[in-house]
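# Observations on the model geometry
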Amino acid sequence: MLEAQTASRIPLDDYAEVIGEGELEELRALAKPLRGRTVEMINSTAVGGGVAEILNRLIPLAEELDVKIRWEVMTGGEDFFEVTKSFHNALHGEPYHATPRDFEIFRAYNERNRARLALDSEFVVIHDPQPAALIEARKKNGNHWVWRCHIDLSHPNRGVWDFLETYVSKYDGAMFSSPEFARKLPIPQYLFYPAIDPLAEKNRELEPEFIADVLSRHAIDPLRSILTQISRFDRLKDPVGVIRAYRIAKRYFDCQLVLAGGSASDDPEGAVVLQEVLQEAQGDPDIKVLELPAWAPLEVNALQRASTIVIQKSLREGFGLTVSEALWKKKPVIASAVGGIPTQVIHKHTGLLAHSVEGTAYQIRFLLSHPEIAAKLGEHGHEHVKENFLITQKLKRYLTLFLALAKSA
Amino acid sequence: MNTSEMPFEFFTVAHLTRIGNQSAATLAEFLTGLEQCSDASIFHHTFQTLGSHHFLTEGFSNDFAQWALADANRDALAEQLTALDIRDYISIAALRADLCRVVREYCGAHPEFAHQTTLEPFYFCESVEVTVPFGRTATTLDEFRQGIEHLSHAAFYFHFISSRLRLQLRTNDFSHWLADGLGLKALADSVNRIDIYTNTLDSARGKLIQLIDLERRKHVGSTNGEPHSAR
């Protein structure tokens, strides 16, 4: 196990200007009974991926509230991570035949990590399937163990889930990002949303000059409507469907389309999808397909802020935090009703849901012709994120969980 | 200005959402769910959701109505569910009975829709509530005003909205204390009339503070020998 290093600190007090002093006071009130008590968060990677990103922000905030929290990263060989990658895809529903050797590798690395760790904090939070078998180290009448599952378990591969379930059932509770992802389990299951950090580079306020510069670099006209989808080049994000919806809307409204995602150079499937997208976009100078560097938070932020409408036309989605990012920037969002999106986009209140290319095109036309409604959706969306999907709310949810677990004991 | 012998203690509340084992993909299943789900589930989808969606002041009333509108595509049913006002209920049992009656009557009148599959299922969840002291108390109207100003949304919600079930009265913690603790019955009634459906928690708080300020001015006026008047 390695102890993970957390990112540069943003003091808790800095969040007062975003959420208000009363909300900070509330966090302090909730943390007061937990002062000096110990929490351990364990996942399988210190960098990259949404879990590491969230823990990087969450841990320093919890420390400021005098909760003794530490974050540790599970170690494993290449064989372990190959197996867990296959498990991950299988739990998402991909066909996979797990062999006894796969299970053996999984068990062996968990056992090694159990031997290296004290695992004696009062609250132990295990993230995702990789370290799930650490629960075997739990002492009788001991501490509280919870499992945070960040993946969609709505259609899991039966063999892999049956194996994992034997461990998950031993926890005191499990947390999922959507009720749809939960399983029938003998333990309590809670709804835990992912979160965005309003002060991180991807979400903080930007100077208008910087936004103008980003648009100019990509030859995007700031004076015409801009439709944007931010997502990796993946068929499940349906970038080709977005282009088709844009084309229908464009018959009636002058607009541009920006499809921006991470580089597809190290992802063979992504490169194929990117080619499909470029082919679909061919001949239309108003479609900008942008391959951004692996981590370009300020650029993503600028593109979202410059957008007239943000689209997330996924065919399948985990939670879809890009939706919260756009809503936070008061953008009207049109998104598919899949995964965690309907939690963020309450139809006709904080955005519009669509179920097809034609439906998406209709909603684009509707919002372009009703800017006052678009503005109101954006305002409500911002409030919705503030109330439910900010990192401070996530911290509050964890504090509440620890208080509830302590009370139940 | 009066001092109460019984201080008002500010609390805050935090909710965990527990995912239930029930879901509904048709109106008929939805009715069964409403009949069988826990009280904590009815609370979660009505009282609690009003607090967490307080910023929606046009047409959002509870999760049941929103699902009937957006996922079941049944406008008339949604309208009836929206119209159920939680201020009329001091028990979950009474609220559940009315929710069930509305859905049962709708399915009876439109049997063709009762078994139609909805766009998305309704997942019954429930609230697990944790309350902690906010660390403030008030014995005078001035201290009370200060406390109100610094409350979080959840704390304001706890005292102003969900307190009705706790008190089992058609009032809220603030009005209850203003009337019983400070003897300000008229102010208590005005506070209880602030509409929680057409106000956000912030605007409701703003109105409450306005009403308190009006009351304070009356007392300053009376100390100076001026007549009592609500300007």
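Residues numbered from 1 in each chain as written. Chains lettered and ligands numbered in written order. Predicted model: local features only at pLDDT ≥ 70, side-chain atom pairs only at ≥ 80, totals over all residues.

If you tally the helices and strands in chain A, you get 15 helices and 13 strands. If one aligns the C-alpha atoms of chain A with their principal axes, the spans along those axes are about 65 × 50 × 35 Å. Across the 409 residues that make up chain A, the buried fraction comes to 49%. (Helix = DSSP H or I, 4+ residues; strand = E, 2+ residues; numbered from the N terminus. Buried ≥ 20, exposed ≤ 12 C-beta atoms within 10 Å, placed from the backbone.)

What follows concerns the domain arrangement of chain B. The parts lose accessible area when they come together, and the size of an interface is often stated as this lost area. Residues and elements named next belong to chain B. Domain parsing of chain B yields domain 1 (3–12 + 130–223) and domain 2 (16–126). A separation of 30 Å is found between the C-alpha centroids of domain 1 and domain 2. On the domain 2 side, the residues contacting the 16 residues of domain 1 number 10 residues. Per element, the largest residue contribution to the side of domain 1 that touches domain 2 is seven residues, and it comes from helix H8 (residues 153–167). Here the side of domain 1 that touches domain 2 is built from residues that sort into eight nonpolar, six polar and two charged. (Domains from an automatic or database assignment. Contact = placed C-beta atoms within 7 Å. Nonpolar A, V, L, I, M, F, W, Y, C, P; charged D, E, K, R; others polar.)

This part covers the domain arrangement of chain A. Residue and element names in this part refer to chain A. Partitioning chain A into domains gives domain 1 (2–195 + 391–408) and domain 2 (208–388). Centre-to-centre separation of domain 1 and domain 2, based on C-alpha positions: 30 Å. Domain 1 puts eight residues into the contact, and the matching count from domain 2 is eight residues. Broken down by class, the residue content of the side of domain 1 that touches domain 2 amounts to four nonpolar, three polar and one charged.

At the interface, 28 residues of chain B touch 33 residues of chain A. Those elements giving two or more residues to the side of chain B that touches chain A turn out to be strand E1 (3–24), helix H3 (63–70), strand E2 (122–140) and H8 of chain B. If you tally residues by element for the side of chain B that touches chain A, the top one is E2 of chain B, at eight residues. Its residues assigned to classes, the side of chain B that touches chain A comprises 18 nonpolar, eight polar and two charged. Pairing of strand E7 (residues 189–191) of chain A with E1 of chain B involves two bridges; the strand directions are antiparallel. Bridge assignment links Tyr190 of chain A to a residue of E1 of chain B, and that residue is Arg18 of chain B. (Pairing = 2+ DSSP bridges.)

Our focus in this paragraph is the packing of helix H8 (residues 239–250) of chain A against helix H9 (residues 268–281) of chain A. Residue and element names in this part refer to chain A. Running from N to C, H8 and H9 cross one another at 15°; their axes reach a closest spacing of 9 Å. Considered as vectors, H8 and H9 are oriented roughly parallel to each other. The crossing of H8 and H9 is right-handed. For the pair formed by H8 and H9, the contact residues are Pro239, Val240 and Ile243 on the first element and Val273, Glu276, Val277, Glu280 and Ala281 on the second. Among the residues forming the contact of H8 with H9, the class breakdown is six nonpolar, no polar and two charged. (Axes fitted to C-alpha atoms, helices over the stretch in contact; angles between N-to-C directions. Parallel < 35°, antiparallel > 145°, perpendicular 65-115°, else oblique. Left-handed = near helix turned anticlockwise from the far one by under 90°.)

All names here are of chain A. Residue placement: Ala212 occurs in helix H7 (residues 208–217). Overall, the presence of 14 C-beta atoms within 10 Å leaves Ala212 in the partly exposed class. Considering only alpha carbons, one finds Ala212 and Ala302, 90 residues apart in sequence, at a separation of 8.4 Å.

To continue, consider the sheet that holds strand E11 (residues 309–312) of chain A. All names here are of chain A. In spatial order, the strands read E10-E9-E8-E11-E12-E13; together these six strands make up an open sheet with parallel pairing. The two strands at the open ends of the sheet, each matched to only one other strand, are strand E10 (287–292) and strand E13 (352–354). Each adjacent strand pair in this sheet contributes to an overall mean axis angle of 20°, direction not counted. Alignment of E11 against strand E12 (residues 333–336), held across three bridges, turns out to be parallel. Within E12, the position partnered with Ile311 by the bridge is Ile334.

What follows concerns the environment of Gly142 of chain A. All names here are of chain A. Residue placement: Gly142 occurs in the loop between strand E4 (123–127) and strand E5 (144–148). Taking the C-beta count within 10 Å as the criterion, Gly142 has 12 such neighbours and is therefore assigned exposed. Distance from Gly142 to Phe123, taken between C-alpha atoms, is 9.8 Å for residues 19 residues apart in sequence.

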